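Topology and contacts: notes
Each chain, letter by letter, is given below.
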Amino acid sequence: MKNGFIITELRLMGPMMPPAFVKFSRGLNVISGPSNTGKTYIFQCINYMLGSSQRPKSIPVASNYSHCYLEILTHDDRILTLKSDLRGGDFHLFECAIDAIGNNRQHQALHRKHDDKNTENISAFLLNLCGISNKQIKINATGKKRGLSFSDLRKLQLIDEVRIITDKSPLVTGQYTTETAEKSVIKFLVTGNDDEALIEALSKDEIKHRKGKIEMLQELIDESDRQINAIGITDYEDDQLKKIEQSISSLNEELKNLSSINDQLTQKKNVLEATSIKESNIKSDFQLTQARSTILAAQYESDALRLQGTIEACQMLNETNGGEKHCPVCNSVLDDKGSEIDLSEVLNACSIELQKLDFLRRELTESQALLSGEIAECDNNIKGYQAQIVETDKELEEVVTSKINNNLAQIAQLQITSNRLKKYESLQQRKLELLSSRDAIASTISKRRKSSKDGNAESLSSFIYPLCEQVKKVLGALKYPGLTNVSFNESTLDFLIAGQDRELSGKGFRAIVYAAFVIALHQLVTERHGMPVSIIDSPLVTYRKPDADNEDIPIDMAMDFYRYIVASEIEQVIIMENEEPPTDIEQKINHIIFTQSNDGRYGFIPT
């Protein structure tokens, strides 16, 4: 199956009670046996486990059972189990078979009540399995809609023993308040088209409300126009803002390059200043040394004068021929012999010392000349560094700083223009949105007026022909007597069999036509979506009853009904019936026999 699911087991559980269960298979499942063996109770349990709020009737033999389990097999071969308290409440969904639940507490909670806004409910879960989620159904003449619920399908596919023989329409329940929705469900199932696109007609109050919205939007549009005009942009171009952004980007890139150059020149200036300071320090050291050499030169000069004076004095004493002789150093009186010897030694020593001193003076003079040269070189270097610093400052000011300031000024101006354009574009976009909203609301008024005239008077007759043909096919296979055609009566919302209303037939024929409708609808829907199991309680109830009062159907028709379902290969059909199906299909169906005796299985609930 492409979508949908089949039921594999129904089970009741209760404290200290043996499980009550019945297992199902694909295709035709027939539960046969006399009355009071639990067939109708099985129908009620399945209906309850597929989302009905109506609990199974309280029967004495089931009073000690507390929970009901329904095991299903999905189209993608997943086995799932639904569990519910028989007293009501929500569902527990287990992603495993019934027998695998055990102590497994991992489950998903599903609400019993359908909710269009919440998917955590049994209806949304089952619709999703059938591949028909999020479908919209019209519920009144104005086009108001609601979501398709699984109960809409359950009413058409789970038919109990009372409704199967009704002389009322099998398509609708007869409730005035639900008829539109029920007809919409039939339309969807037959055509595959829901009412999503249908536009609900508006009330006078709603139209007035929407016109008020239109007026308010128009005021906002007018205000937007005033603000747009106040900006003063008259030569707007679509790519103008893009060009400005590109210009700003280009200027920023140039600023980045200028900043790099600025860093390099600043670093160069710092190096020059540091080198100049270092050179000044070297010059200062040279000048200090030079000052010290001048002091030393003066000392040398003083020493030379002293030595020269001593030499001259000694020479004068040696030339004196009488009288007292005084020492030129200490001025003491010299005796004749000793003094002569001492004067010679002093003279000799002073001459030697003077020669040394002359040598030192010459060396000092040379050193002073070198120091003067070094100081002059330092002065030249310092002047050169200062000149480079001045040149670097000039380059920083004229080339870099000037360009940076110029770029920043351009960027600021462009940013102002950009902001104006952005505001202009924002206001224009806002105006377009307001116009769109205004026009959209205006269009809904006209469309919904037209829809109320043209779209809500749709009849079932306009699209139900394929279903009529499928019902005819089913009845033809059953050799329905006098069958020529199947049509539809719009006033009774029921089928005409060979021109005769179904309601005018005996209850046996009404039941078989109703059953044919269920099977035909199942076949039509399965071509597009997954259809839930069709379950019919006692569709052939009259065919062997002696008190049928000419309302019974031929036995061959009853047997052919079973044979048709088997041949049609419908995914799953469950039938509850008192009589047994024909023996020629026994091996092709799942036949569950209740005997109401100790011979075989007594019934659904173990005795």
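Predicted model only: the values in this text are computed from it and were never measured.

In terms of helices and strands, the protein carries 10 helices and 18 strands. Its C-alpha radius of gyration of 59 Å places the protein more than 25% over the 25 Å reference for a compact globule of 607 residues. Dimensions of the protein along its principal axes, counting C-alpha atoms only, are 200 × 70 × 35 Å. Per-residue burial for the protein yields a buried fraction of 41% across its 607 residues. In the protein, of all internal contacts separated by at least 6 residues, the share reaching a separation of at least 24 is 68%. Carbon and sulfur atoms provide 49% of the accessible area of the protein, an area that totals close to 32,900 Å². Taken as two groups, the 71 positive and 87 negative side-chain charges of the protein have centres that lie 12 Å from each other.

Taken as a whole, this structure holds 22 salt bridges when the rule is applied. For Lys269, the salt bridge is made with Asp393, and the minimal N-O distance between the two is 2.6 Å. Taken together, the residues Lys269 in helix H6 (residues 240-319) and Asp393 in helix H7 (residues 336-454) connect sequence positions 124 residues apart. Residue Arg361 is joined to Asp358 by a salt bridge in which the shortest nitrogen-to-oxygen separation is 3.8 Å. Note that Arg361 and Asp358 are positioned in helix H7 at a spacing of three residues, about one turn of the helix. Taken together, the shared-partner salt bridges connect Lys479, Asp560, Arg563 and Asp584 into one network.

This paragraph deals with the environment of Tyr480. Counting through the fold element by element, Tyr480 comes out in the loop between helix H8 (465-477) and strand E13 (486-489). Judged by relative accessible area, Tyr480 falls into the buried class, the value being 10%. When the C-alpha positions of Tyr480 and Pro554 are compared, they lie 9.2 Å apart, and in sequence the two are 74 residues distant. Not counting residues within four places of it along the chain, the set of residues in contact with Tyr480 comprises Leu475, Ile497, Ser505, Phe509, Ile512, Val513 and Met557.

The next subject is the sheet that holds strand E2 (residues 20-23). In space, the six strands of this open sheet follow the order E2-E1-E4-E5-E6-E7, with antiparallel pairing throughout. The open sheet has two edge strands, E2 and strand E7 (108-110), and neither has a second partner. Sheet twist, expressed as the average angle between the axes of neighbouring strands with direction ignored, equals 25°. Both strand E5 (residues 79-85) and strand E6 (residues 91-94) contribute to a ladder of four bridges, which runs antiparallel. By the bridge assignment for E6, Leu82 is matched with Leu93. Set on the sheet, helix H1 (residues 39-49) makes contact with strand E1 (5-13), E2, strand E4 (67-74), E5 and E6; between it and E1 the angle comes to about 110°.

The next point concerns the sheet that holds strand E17 (residues 572-577). Pairing in this open sheet of five strands is parallel, and the strands run E10-E16-E17-E3-E18 from one edge to the other. Both edges of this open sheet fall to strand E10 (158-159) and strand E18 (590-593), since each of them pairs with a single strand only. Alignment of E10 against strand E16 (residues 534-537), held across two bridges, turns out to be parallel. When the sheet's bridge partners are listed, Leu158 is paired in E16 with Ile535.

On to the pairing of E17, then. For E17, the buried fraction is high: six of the six residues fall into the buried class. Of the two faces of E17, both are covered, the one formed by Gln572, Ile574 and Met576 as well as the one formed by Val573, Ile575 and Glu577. Pairing of strand E3 (residues 27-32) with E17, which is carried by six bridges, proceeds in the parallel orientation. The residue of E17 that forms the bridge with Gly27 is Gln572. Judged from the four bridges that link them, E16 and E17 form a sheet pairing that is parallel. Bridge assignment links Ile535 to a residue of E17, and that residue is Ile574.

This next bit is on helix H2 (residues 122-129). Since one α-helical turn is 3.6 residues long, residues separated by three or four positions face the same way. The buried fraction of H2 amounts to seven of the eight residues, a majority that puts the element mostly inside the structure. All of the buried residues in H2 are Ile122, Ser123, Ala124, Phe125, Leu126, Leu127 and Leu129. Lining the buried residues of H2 we find E1, E4, E5, E6, E7 and helix H3 (150-157). N-cap assignment for H2: the residue whose side-chain oxygen lies 3.2 Å from the backbone N of Ser123 is Asn121. After H2 finishes, the residue Gly131 shows a positive phi value of roughly 75°.

On to the pairing of E3, then. Most of E3 is tucked away: six of the six residues are buried. As paired elements, E3 and E18 share four bridges and run parallel to each other. From the neighbouring strand, Asn29 faces E18, where its bridge partner is Asn590.

So, on to the side chain of Glu577. Its location among the elements puts Glu577 in strand E17. Notably, Glu577 is buried but unbridged: the nearest opposite-charge side chain belongs to Lys39, and the N-O separation is 7.4 Å. A distance of 2.7 Å separates the side chain of Glu577 from the backbone nitrogen of Leu540, its partner in a polar contact.

Where like charges cluster on the molecular surface, the negative patch consists of Glu391, Glu395, Glu397 and Glu398. Residue placement: Glu391 occurs in helix H7.

Bringing the confidence of the model for the protein into the picture now. Taken over all residues, the pLDDT of the protein has a mean of 87, while the share at 70 or more is 92%. Contacts from residues 451-457, a stretch scored under 50 in pLDDT, to residues over four places away or in other chains number 12 contacts.

The next subject is unusual backbone geometry. Phi is positive for Met16, which is not a glycine, with a value near 60°. Positionally, Met16 belongs in the loop between E1 and E2. A positive phi angle, near 55°, is found at Glu569, a position not held by glycine. Tracing the chain through its elements places Glu569 in the loop between helix H10 (555-568) and E17.

Before going further, it helps to examine H1. Buried residues dominate H1, accounting for 10 of its 11 residues. Those residues of H1 not exposed but buried are Lys39, Tyr41, Ile42, Phe43, Gln44, Cys45, Ile46, Asn47, Tyr48 and Met49. A positive phi of about 110° marks Gly51, the residue just after H1.

Reading the values: rules and limits
- Residue indices follow the written sequence of each chain, beginning from 1 at its first position.
- Whole-chain, interface and lining totals are the exception, using all residues; otherwise, since this is a predicted model, local features are given only for residues with pLDDT of at least 70 and side-chain atom pairs are given and counted only at 80 or more.
- Only hydrogens and water are set aside; all other atoms, that is, all heavy atoms of the structure, feed into the side-chain values.
- Helix and strand assignments come from DSSP, with helices taken as H or I runs of at least 4 residues and strands as E runs of at least 2, each series counted from the N terminus.
- As a reference, a globule follows 2.2 Å times the number of residues to the power 0.38, and the radius of gyration itself is taken over C-alpha atoms.
- Between buried and exposed lies partly exposed: a residue is buried under 20% and exposed over 50% of the maximum accessible area for its type, with that area taken using a 1.4 Å probe on protein chains only.
- Residues are treated as being in contact if the distance between any of their heavy atoms lies within 4.5 Å.
- What sets the accessible areas is the Shrake-Rupley method with a 1.4 Å probe; for residues, cover comes only from the shown protein chains.
- The charge count includes Lys and Arg as positive and Asp and Glu as negative, but it does not include His or the ends of the chains.
- Where a charge sits is defined by one atom per residue type, namely NZ (Lys), CZ (Arg), CG (Asp) or CD (Glu).
- Salt bridge, as used here, is a side-chain nitrogen of Lys or Arg placed within 4 Å of a carboxyl oxygen of Asp or Glu.
- Any two strands between which DSSP finds at least two bridges are classified as paired.
- Lines fitted to C-alpha atoms define the axes, with helix axes restricted to the stretch in contact, and inter-axis angles between N-to-C directions lie between 0 and 180 degrees.
- The term polar contact refers here to a pair of N or O atoms within 3.5 Å; inside protein, the definition further demands a hydrogen-donor-capable atom paired with an acceptor-capable atom, and it admits residues adjacent in sequence only when both atoms are side-chain atoms.
- Patch membership is restricted to residues that have no salt bridge and whose relative accessible area is over 30%. Joining uses 9 Å for like charges and 5 Å for the nonpolar side chains Val, Leu, Ile, Met, Phe, Trp and Tyr.
- As a per-residue quantity, pLDDT reports the predictor's confidence and falls between 0 and 100.

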